[in-house]
Amino acid sequence: MKQILKVDTGNYDIEISDDKFSQLIDEVLDFTKNQKRLFVVSRKVYNLYKDILNLCECEVLILNDGEKEKNFKNYLKIIKTATQRNLSRNDVLIALGGGVIGDITGYAASTYMRGIDYIQIPTTLLSMVDSSVGGKTAIDFQCVKNLIGAFYQPKKVFININFLNTLDKRQYLSGLGEVVKYAFIEDNCGYKHALFFFEYLTLCCEKLLEKEPMTLMRVIEYCLNLKIAVVNQDEKETGLRKILNLGHTFGHAIESKGKYRKYTHGEAVVQGLFFVFNYAYKNNLISYSYYKLSMDLLEKYGFKKAKFSYKQDELLEIMKKDKKASTDKITFIIPCDKKKVQVVKMSQEEVYTMF
Ligand code: GLY
């Protein structure tokens, strides 16, 4: 099975397949045949797949996984390795791993010699449905997530669902958090062909939880069609693209309070979804029936609202530092109708009423 999606912004293709890994690597090598390559590979992925992928050692740089690793030191490691291996302006970096590897490799590509090609090969569900597409690249700095970064589009994204066979349950569910998010923004995206993604996710839940290949391919394709429609209208997040941050304002704050260890990104986003849905329902922005349907969908996937002992002031301080915050207001994406959200800028006083 193979699906090709075209992204106008940046003019690149996304390939979604269940090809054998040898076929995937042949394709990647063919796509970059006239270039010197540097594969930036997550250590976890390298340990699991080194014999199957059979990459040339001289083309590999291994980095550790986890948000803590999305830092300046690892960025420099990529730049230094690219320099030592004489990569020129015509050469290519290839990210092979989850969102952290993709973000940091993309950022290194955007700055090395004023910008060289890069390719994304995402290996987690979260990076397949979100971070590998749309050109957001970044590193974290001084405890602020994605403080240094650039919008820089990849030359190609190769998604191979077979990588998900070794993804642990927690990380898989974390990716499903971002998947479910798309159901709540479907009608904002401006994707011309009706998907009924909300309904589809309700129907296919068991199969998706079992990682059934056809369902996975369809779901990834659905999510990406929605994301592509958004990014094609607003590459640099001046307006519409903000909707992709549904659940992220609160999510980033608890992720940061948990020092990026207690909650995965997807788990934090799911808690952010509960937070904004509760606010929307309490303030009559959505009907009870839609609130209930949404809660049922989250519950079907096993997501539960957590209790936090974090102080509201501390969460607010982090939200203020979030790059989505304009000077004195904090931006939230709030459900306002079935499968629809709105961007709302809130004062600190208003945010306190949300808790
Ligand atoms: N992850 C949200 C975006 O790409 O805009």
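Residues numbered from 1 in each chain as written. Predicted model: local features only at pLDDT ≥ 70, side-chain atom pairs only at ≥ 80, totals over all residues. Heavy atoms only, no water.

A. Fine view of the nonpolar core. In terms of nonpolar packing, the biggest core is built from 96 residues, with Ile14, Phe197, Leu201 and Ile220 touching the most fellow members. The contacts of phenylalanine 197, once residues within four sequence positions are left out, are Val179, Tyr182, Ala183, Glu186, Val219, Tyr222, Cys223 and Leu226. Counting 20 residues, the second largest nonpolar core, distinct from the first, contains Ile79, Ala82, Leu93 and Tyr112. (Core = buried A, V, L, I, M, F, W, Y, C linked by side-chain atoms within 4.5 Å. Buried < 20%, exposed > 50% of the residue type's maximum accessible area, 1.4 Å probe, protein only. Contact = heavy atoms within 4.5 Å.)

B. Up close: the pattern of salt bridges. Under the defined criterion, the tally for this structure stands at 22 salt bridges. Measuring nitrogen to oxygen at the nearest pair gives 3.7 Å for the salt bridge that ties lysine 70 to glutamate 67. This pair shows no difference in class: lysine 70 is buried, exactly as glutamate 67 is. In this structure, lysine 338 engages glutamate 199 in a salt bridge whose closest nitrogen and oxygen atoms are separated by 3.9 Å. With lysine 338 in the loop between β10 (330-337) and β11 (340-346) and glutamate 199 in helix α7 (residues 197-203), this pair connects stretches of sequence that are 139 residues apart. (Salt bridge = Lys/Arg side-chain N within 4 Å of Asp/Glu carboxyl O. Helix = DSSP H or I, 4+ residues; strand = E, 2+ residues; numbered from the N terminus.)

C. Spatial organisation of the packing of aromatic side chains. Per the stated rule, a full pass over the model turns up 22 aromatic pairs. Plain terms: the ring middles of phenylalanine 275 and phenylalanine 332 are 6.1 Å apart, the flat faces sit at 35° to each other, and that makes the pair tilted. With a gap of 57 residues between them, phenylalanine 275 in helix α11 (residues 265-282) and phenylalanine 332 in strand β10 connect regions that are remote in the sequence. Phenylalanine 332 shares its class with phenylalanine 275; the two are buried. Three or more aromatic residues joined by ring pairs form one cluster here, namely Phe250, Tyr263, Phe275, Phe308, Tyr310, Phe332 and Phe355. (Phe/Tyr/Trp six-rings, centres within 6.5 Å; stacked < 30°, edge-to-face > 60°.)

D. Examining the site of the ligand more closely. Around the ligand sit Asp130, Lys136, Lys227, Glu237, Arg241 and Leu244, and that is every residue in its neighbourhood. Residue lysine 136 places a side-chain N or O atom 2.9 Å away from an oxygen atom belonging to the ligand. Interatomic distance of 2.7 Å between a side-chain N/O atom of arginine 241 and an oxygen atom of the ligand. Here the ligand, which alone exposes 190 Å², has 90% of that area covered by the protein. When its residues are assigned to classes, the shell around the ligand shows 1 nonpolar, no polar and 5 charged. (Near = heavy atom within 4 Å. Polar contact = N/O pair within 3.5 Å; in protein donor to acceptor, adjacent residues only side chain to side chain. Areas by Shrake-Rupley, 256 points an atom, 1.4 Å probe, with all protein chains shown as cover. Nonpolar A, V, L, I, M, F, W, Y, C, P; charged D, E, K, R; others polar.)

E. Region of the structure containing the pairing of strand β4 (residues 60-63). Where strand β3 (residues 37-42) lies against β4, 4 bridges are found, and the strand directions are parallel. Bridge pairing links serine 42 to leucine 63 in β4. Running through helix α2 (residues 43-53), the crossover from β3 to the neighbouring parallel element β4 is right-handed. (Pairing = 2+ DSSP bridges. Right-handed = clockwise from strand over helix to strand, strands pointing away.)

F. Expanded view of the side chain of aspartate 140. Examined against the element boundaries, aspartate 140 turns out to sit in strand β7 (residues 136-141). Classification of aspartate 140 as buried rests on a relative accessible area of 13%. Once residues lying within four places of it in the same chain are set aside, the contact partners of aspartate 140 are Glu67, Lys70, Asn71, Lys145, Asn146 and Leu147.

G. Here's a closer look at the packing of helix α10 (residues 248-257) against α11. At a minimum axis separation of 7 Å, α10 and α11 run at an interaxial angle of 130°. Considering their axes alone, α10 and α11 lie oblique with respect to each other. Here α10 and α11 pass one another in a crossing that is right-handed. The segment α10 lies against α11, with His248, Phe250, Gly251, His252, Ile254 and Glu255 engaging His265, Ala268, Val269, Gln271, Gly272 and Phe275. Within the contact of α10 with α11, the residues separate by chemical class into 5 nonpolar, 6 polar and 1 charged. (Axes fitted to C-alpha atoms, helices over the stretch in contact; angles between N-to-C directions. Parallel < 35°, antiparallel > 145°, perpendicular 65-115°, else oblique. Left-handed = near helix turned anticlockwise from the far one by under 90°.)

H. Molecular detail of helix α12 (residues 288-300). Taking 1.5 Å of rise per residue, the 13 residues of α12 would be expected to cover 18 Å, and the 18 Å separating its terminal C-alpha atoms lies within 8% of that figure. Within the sequence span of α12, burial applies to Tyr290, Tyr291, Ser294, Met295, Leu297 and Leu298. Considered in projection along α12, the buried side chains sweep an arc of 155° and stay on one side of the axis. Contacts from the buried residues of α12 go to α6 (169-183), α7, α11, β10 and β11. (Expected span 1.5 Å × (residues − 1). Arc of directions from axis to C-beta.)

I. Broad picture of empty space enclosed by the protein. All told, the structure shown has 1 cavity of 30 Å³ or more when counted by the stated rule. For the largest cavity, the calculated volume is near 30 Å³. Considering the residues around the largest cavity, the lining is formed by Asn245, Gly247, His248, Thr249, Phe250, Val276, Phe332 and Ile333. For the lining of the largest cavity, the leading source of residues is α10, giving 3 residues. Residues of the lining of the largest cavity, tallied by class, amount to 4 nonpolar, 4 polar and no charged. (1 Å grid on protein atoms, 1.4 Å probe; cavity = no way out; pocket = protein on both sides within 12 Å on 5 of 7 lines; lining within 4 Å. Points joined across faces, edges and corners; volume = space filled by probe spheres on them.)

J. Quick peek at the layout of surface pockets. As a volume, the second largest pocket reaches approximately 500 Å³. Together, 20 residues line the second largest pocket, and Cys143, Val144, Lys145, Ser256 and Tyr260 are the ones closest to its centre. If you list the elements that add at least two residues to the lining of the second largest pocket, you get β7, β8 (144-151), α10 and α13 (312-321). For the lining of the second largest pocket, a count of residues per class yields 5 nonpolar, 4 polar and 11 charged.

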